[in-house]
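Residues per chain, in single letters:
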Amino acid sequence: MYMNLPHRAPRVFLRAMSVISALVFLAGAVPPALAGSLAPQTKIRLTVVQWIASKGQFERWDGIGGEYTVSDAGIVSLPFLGSLAVGNLDNEGLTKEIGKRLQAKMGLAQAPAVTIELLEYPPIYVVGDVTTPGQYSFRPGLTVLQSVAMSGGPRRAKDQEKTHSTQLVGELREINHSILRSTARLARLQAEMDGAQEITFDQATGADQQFAAGVYKEERIIFRARANALERQARAFTELRDLLTTEISTLEEKLTGADDNIKSVEDQLLSVKSLVQKGLTVSSRQLDLERLLTTYRSDKLDLVTAVMRGRQAISETTRNLEGLYDARRSEVAIEAQSERASLDQMKMKRDTTQKLLIEDLGNDGIKSLGEDLPLTFSVTRRNGGQIDQFQASETTTLAPGDVVRVVQPRILDSSLQTNSSRSSEAPALADRAGQ
């Protein structure tokens, strides 16, 4: 029977054995610490192969194989097989379950070879007294101390509070400058609404006088520029109305002349008609006068129409001139309303920032009296559908999805009299810091 095997059969057999050995190696490559059930959010790569005796080679089932992620409910959705609950299955148990289901579903005599490669573990979370709390990638063998190092190490409370206070001082100063700008802008808008010639600014108390002077100067420049622009537009409408009035006066003078011409021709025509009736002159003279009278009357109608159009243009120009001031007042009122709303928001923000700064300055005395103790660690882990929490040490090995809480205990000195004096001085310090 062996003599009838093809010449390439030994090579195919050896290649098949090497592939099976590699698959077995991958299936057993899970570290002992991670040999438990697959946690939610674990990303895996599924490979399914079957030995085809008639072809003497392995065939991969690419329609089922691919990358998948265990859902939060512990389910893997696979093509053809549907949703598969991972439950308490580990890597080896999941491969056997998939192979068994494929064998039953396909009616195979032997289950196909199934391998699962872990591509990405669920992240761990580091919270508490660390520099940068948050989510971090997991790797096998990760310890609590290494996770603390990944999150930037222990938080330095004194330096961090000092940095936070400095940030609050900068924010408060910026808010005060914004309030000064907004107040100056409102003063300029109020002057525009009142039609005043100059802006009256409130005296800035506690603010940077040089900064305030610069803001006031800018607002005065804007005030003069807007006033000049409005004056130019009004002057243009006024000049147009005066021009139209002059044109109408000229047209009315022409109308007077046209009336005189018409009356003269009418008198001549009446005389000529009498002579024509008596046979003392030819009728062509009468026809010429009638044509001339028709021309004068047509010219008069054109002049009347031009006068009416001119008066209509004067009315429109007057409305535009009046509407110019109304539109500017409406625009300024809308700007002032929006500016007041913005100013109210900035004042609320300033009050909130001052309270935060006062709390920082008041609590700084207590925090500075503390003495740091060694860090303490606790780990929260999901195990079998339940959440367990236990104390840990620096060398505790973490599992995917663990939440590491870092706490920096402190010992407070019994002498806290310094804090009371600092707390009473905190509001005044906050006011000076924002200037």
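Rules used throughout
- Residues numbered from 1 in each chain as written.
- Predicted model: local features only at pLDDT ≥ 70, side-chain atom pairs only at ≥ 80, totals over all residues.
- Heavy atoms only, no water.
- Phe/Tyr/Trp six-rings, centres within 6.5 Å; stacked < 30°, edge-to-face > 60°.
- Helix = DSSP H or I, 4+ residues; strand = E, 2+ residues; numbered from the N terminus.
- Buried < 20%, exposed > 50% of the residue type's maximum accessible area, 1.4 Å probe, protein only.
- pLDDT = per-residue confidence, 0-100.
- Contact = heavy atoms within 4.5 Å.
- Pairing = 2+ DSSP bridges.
- Axes fitted to C-alpha atoms, helices over the stretch in contact; angles between N-to-C directions.

Looking up the protein in an unreviewed UniProt entry gives the name SLBB domain-containing protein, with the organism given as Rhizobium mulingense.

## Here we look at the packing of aromatic side chains
Within this structure, the stated rule accounts for two aromatic pairs. Summarising the aromatic geometry, the rings of Tyr 121 and Phe 138 are spaced 5.3 Å apart at their centres and angled 75° between planes, so their arrangement reads as edge-to-face. In this pair, Tyr 121 is assigned in the loop between strand E6 (113-120) and strand E7 (124-128) and Phe 138 in the loop between strand E8 (134-136) and helix H3 (144-150), connecting sequence segments 17 residues apart. Look at Tyr 121 and you get buried, because its relative accessible area is 14%.

## Looking at the confidence of the model for the protein
Chain-level pLDDT for the protein is 79 on average; 80% of the residues reach the 70-or-more range. Confidence drops under pLDDT 50 across residues 1-35; counting only partners more than four residues distant or on other chains, this segment forms 22 contacts. Here residues 365-370 is modelled with pLDDT under 50, and outside its nearest four sequence neighbours on either side it reaches 16 contacts, counting other chains as well.

## What to know about unusual backbone geometry
Note: most residues except glycine have negative phi, and most peptide bonds are trans. The backbone of Gln 41 sits at a positive phi, close to 70°, despite the residue not being glycine. Along the polypeptide, Gln 41 turns up in the loop between helix H1 (9-27) and strand E1 (43-52).

## Let's talk about the sheet that holds E8
Pairing is mixed in the open sheet, where five strands are placed in the order E8-E7-E12-E10-E11. Two strands close off the open sheet at either side, each with one partner strand: E8 and strand E11 (386-392). Neighbour-to-neighbour, the strand axes of the sheet open up by a mean angle of 25°, direction not taken into account.

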